[in-house]
Amino acid sequence: MIKGIIALFSSGTILNPMVWLGVLGGLFLSYRYGFEGIYDVFRDYNFYLIAVAIAFVYTFAFRIVYKGYSNTIDWSATFGRFFGHCGMILLSTILSIIFFTTLFF
């Protein structure tokens, strides 16, 4: 577990805002709800819609990919980055729930 935390800091992943939102979301869910409550949150599609909306706004407001040195947007790379941010926020939420649940109990 300590090697994983060291790798998180040494790779620079901890500086990504999607990871921070996932960690804060996981901390909130593991502190506020029990196992059944967390299961109910992940069964609700609104949770996923919020994660997708946050990743969409972040990607298309701050992380658009341009082609070369022009002002033309590379749509395939931008949408790839968008899907990566969606996965990053959901995966970091799930893993931080597991981590904080282990610490609290």
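Here the structure is shown first, and the text comes after it.
Residues numbered from 1 in each chain as written. Predicted model: local features only at pLDDT ≥ 70, side-chain atom pairs only at ≥ 80, totals over all residues. Heavy atoms only, no water.

Colleague: Tell me about helix α2 (residues 17–32), and please be specific about residues and values.
Modeller: End to end, α2 covers 22 Å across 16 residues, agreeing with the expected 22 Å (1.5 Å per residue, within 8%). Inspection of α2 places Met18, Val19, Gly22, Gly26, Leu29 and Ser30 among the buried residues, and these make up the whole buried set. Considered in projection along α2, the buried side chains sweep an arc of 95° and stay on one side of the axis. Among the exposed residues of α2, those pointing more than 90 degrees away from its buried face are Tyr31 and Arg32. On the buried face of α2, the contacting elements are α3 (35–43), α4 (45–62) and α5 (75–104). Where α2 begins, the capping side chain belongs to Asn16, and its oxygen is found 3.0 Å from the backbone nitrogen of Met18. (Helix = DSSP H or I, 4+ residues; strand = E, 2+ residues; numbered from the N terminus. Expected span 1.5 Å × (residues − 1). Buried < 20%, exposed > 50% of the residue type's maximum accessible area, 1.4 Å probe, protein only. Arc of directions from axis to C-beta. Contact = heavy atoms within 4.5 Å. Polar contact = N/O pair within 3.5 Å; in protein donor to acceptor, adjacent residues only side chain to side chain.)

Colleague: Could you give an account of the pattern of salt bridges, with specific residues and numbers?
Modeller: Under the definition given, this model contains one salt bridge. Ionic pairing is found between Arg43 and Asp40, a salt bridge with its closest N-O pair at 4.0 Å. With Arg43 and Asp40 both in helix α3 and three residues apart, the pair spans about one turn of that helix. (Salt bridge = Lys/Arg side-chain N within 4 Å of Asp/Glu carboxyl O.)

Purely geometric stuff here, so don't read any function into it on its own.
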